[in-house]
Amino acid sequence: MDQLLHWCLFSPLSEILDLQHNNELSGVIPTEVGRLTKLTYLNLYNNRLSGRVPSELGNLSQLEVLRLDRNDLTGTMPEEVCRLRTPSGTLSWLGADC
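Throughout what follows, the structure given in this document is the object of discussion.

What counts as what
Residues numbered from 1 in each chain as written. Predicted model: local features only at pLDDT ≥ 70, side-chain atom pairs only at ≥ 80, totals over all residues. Heavy atoms only, no water. Helix = DSSP H or I, 4+ residues; strand = E, 2+ residues; numbered from the N terminus. Buried < 20%, exposed > 50% of the residue type's maximum accessible area, 1.4 Å probe, protein only. Contact = heavy atoms within 4.5 Å. Core = buried A, V, L, I, M, F, W, Y, C linked by side-chain atoms within 4.5 Å. Pairing = 2+ DSSP bridges. Phe/Tyr/Trp six-rings, centres within 6.5 Å; stacked < 30°, edge-to-face > 60°. Lys NZ or Arg CZ within 6 Å of the ring centre and 35° of its normal. Axes fitted to C-alpha atoms, helices over the stretch in contact; angles between N-to-C directions.

## Observations regarding the overall build of the protein
- Along the backbone of the protein there are 2 helices and 7 strands.
- Listing each helix as α and each strand as β along the protein from the N terminus yields α-β-β-β-β-β-β-α-β.
- Every one of the 98 residues in the protein was classed for burial, and the buried ones make up 38%.
- Residue pairs in contact within the protein that sit at least 24 positions apart in sequence constitute 57% of those at least 6 positions apart.

See below:
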(Lines give C-alpha, C1' and ligand atoms only; values in the text may rest on other atoms or scores of the structure.)
Protein backbone atom coordinates (compact mmCIF):
# COMPACT_ATOMS: atom_id res chain seq x y z
CA MET A 1 0.00 0.00 0.00
CA ASP A 2 2.98 2.32 0.52
CA GLN A 3 3.79 2.52 -3.20
CA LEU A 4 0.16 3.12 -4.06
CA LEU A 5 -0.08 5.84 -1.43
CA HIS A 6 3.06 7.51 -2.78
CA TRP A 7 1.58 7.49 -6.29
CA CYS A 8 -1.69 8.98 -5.02
CA LEU A 9 0.03 11.74 -3.08
CA PHE A 10 1.82 12.98 -6.18
CA SER A 11 -0.73 12.19 -8.88
CA PRO A 12 -2.95 14.88 -10.35
CA LEU A 13 -5.58 12.15 -10.83
CA SER A 14 -6.11 11.45 -7.16
CA GLU A 15 -9.82 12.24 -6.75
CA ILE A 16 -10.90 8.59 -6.68
CA LEU A 17 -9.23 5.74 -4.84
CA ASP A 18 -11.18 2.50 -5.32
CA LEU A 19 -9.49 -0.55 -3.80
CA GLN A 20 -12.55 -2.64 -3.03
CA HIS A 21 -13.32 -6.36 -3.23
CA ASN A 22 -10.52 -8.63 -2.15
CA ASN A 23 -7.51 -6.59 -3.12
CA GLU A 24 -5.93 -8.37 -0.16
CA LEU A 25 -4.81 -5.10 1.38
CA SER A 26 -3.74 -5.73 4.95
CA GLY A 27 -2.33 -3.76 7.84
CA VAL A 28 -3.42 -0.38 9.09
CA ILE A 29 -4.77 2.50 7.04
CA PRO A 30 -1.80 4.88 6.82
CA THR A 31 -2.36 8.28 8.41
CA GLU A 32 -0.88 9.80 5.24
CA VAL A 33 -4.14 9.01 3.43
CA GLY A 34 -5.39 12.15 5.19
CA ARG A 35 -3.04 14.12 2.93
CA LEU A 36 -4.98 13.09 -0.19
CA THR A 37 -7.12 16.21 0.12
CA LYS A 38 -8.47 16.01 -3.45
CA LEU A 39 -10.21 12.70 -2.78
CA THR A 40 -13.95 12.64 -3.33
CA TYR A 41 -14.28 8.84 -3.26
CA LEU A 42 -12.34 6.45 -1.01
CA ASN A 43 -13.37 2.81 -1.20
CA LEU A 44 -11.42 0.29 0.90
CA TYR A 45 -14.36 -2.14 1.15
CA ASN A 46 -13.74 -5.87 1.65
CA ASN A 47 -10.03 -6.11 2.36
CA ARG A 48 -8.04 -7.18 5.42
CA LEU A 49 -7.30 -3.79 6.92
CA SER A 50 -6.94 -3.70 10.70
CA GLY A 51 -6.45 -1.25 13.55
CA ARG A 52 -8.28 2.00 14.07
CA VAL A 53 -9.63 4.39 11.46
CA PRO A 54 -7.13 7.27 11.44
CA SER A 55 -8.54 10.62 12.52
CA GLU A 56 -6.55 12.17 9.65
CA LEU A 57 -9.28 10.98 7.29
CA GLY A 58 -11.20 13.95 8.67
CA ASN A 59 -8.85 16.16 6.61
CA LEU A 60 -10.51 14.89 3.43
CA SER A 61 -12.89 17.82 3.18
CA GLN A 62 -13.94 17.01 -0.41
CA LEU A 63 -14.86 13.40 0.41
CA GLU A 64 -18.34 12.36 -0.72
CA VAL A 65 -18.10 8.56 -0.30
CA LEU A 66 -16.10 6.60 2.29
CA ARG A 67 -16.37 2.80 2.39
CA LEU A 68 -14.48 0.97 5.09
CA ASP A 69 -16.82 -1.94 5.75
CA ARG A 70 -15.86 -5.64 5.53
CA ASN A 71 -12.41 -5.14 7.05
CA ASP A 72 -11.03 -5.93 10.50
CA LEU A 73 -11.03 -2.36 11.78
CA THR A 74 -11.43 -1.72 15.50
CA GLY A 75 -12.56 1.13 17.72
CA THR A 76 -15.05 3.87 17.00
CA MET A 77 -15.24 6.20 14.05
CA PRO A 78 -13.13 9.29 14.83
CA GLU A 79 -15.09 12.48 15.47
CA GLU A 80 -13.06 14.20 12.73
CA VAL A 81 -14.51 11.76 10.18
CA CYS A 82 -18.04 12.05 11.59
CA ARG A 83 -17.90 15.83 11.16
CA LEU A 84 -17.70 15.29 7.40
CA ARG A 85 -21.32 14.04 7.60
CA THR A 86 -22.75 17.25 9.04
CA PRO A 87 -25.04 19.43 6.89
CA SER A 88 -22.06 21.62 6.02
CA GLY A 89 -19.90 18.60 5.15
CA THR A 90 -19.62 16.84 1.81
CA LEU A 91 -19.75 13.21 2.93
CA SER A 92 -23.01 11.71 1.72
CA TRP A 93 -22.22 8.01 2.25
CA LEU A 94 -20.20 6.39 5.00
CA GLY A 95 -19.99 2.61 4.91
CA ALA A 96 -18.55 1.09 8.07
CA ASP A 97 -19.10 -2.01 10.20
CA CYS A 98 -20.55 -1.46 13.66
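## A closer look at the nonpolar core
- Counting residues in each nonpolar core, the largest one holds 20 residues, and the members touching the most others are L39, L42, L44, L57, L60, L63 and L66.
- Contacts of L42, omitting those with residues within four sequence positions, involve L17, V33, L57, L60, L63, V65, L66 and R67.

## Observations concerning unusual backbone geometry
- Positive phi values are uncommon outside glycine, yet N46 reaches one of about 60 degrees.
- Structurally, the position occupied by N46 is in the loop between β3 (41-43) and β4 (48-52).
- On the basis of relative accessibility, which here comes to 12%, the residue N46 falls in the buried class.

## Focus: the sheet that holds strand β6 (residues 72-74)
- Spatially, 3 strands are ordered β2-β4-β6 in an open sheet, and the strand pairing comes out parallel. Bordering the open sheet on either side are β2 (26-27) and β6, each of which pairs with just one other strand.
- Across 3 bridges, the pairing between β4 and β6 is parallel. Considered in β6, the bridge of R52 is made with T74.

## A word on the packing of aromatic side chains
- Scanning the model with the defined rule gives 0 aromatic pairs in all.
- The ring of Y45 carries R67 above its face, with NZ or CZ at 4.1 Å from the centroid.

## Digging into the environment of V28
- Mapped onto the secondary structure, V28 falls in the loop between β2 and β3.
- Judged by its relative accessible area of 53%, V28 falls in the exposed class.
- On a C-alpha basis, the gap between V28 and V53 in space is 8.2 Å, while along the polypeptide they are 25 residues apart.
- Once you skip the residues sitting within four places of it in the chain, V28 turns out to touch S50 and G51.

## A look at the environment of S55
- Positionally, S55 belongs in the loop between β4 and β5 (65-67).
- A sequence separation of 23 residues divides S55 from P78, and the C-alpha atoms of the two residues are 5.3 Å apart.

## Details of the sheet that holds β3
- Spatial strand order, β1-β3-β5-β7: 4 strands in an open sheet with parallel pairing. Strands with a single pairing partner mark the edges of an open sheet, and in this sheet they are β1 (16-18) and β7 (93-95). Strand-to-strand twist of the sheet, defined as the mean angle between neighbouring strand axes without regard to direction, takes the value 10 degrees.
- As paired elements, β5 and β7 share 3 bridges and run parallel to each other. Its bridge partner being in β7, V65 is matched across the sheet by W93.

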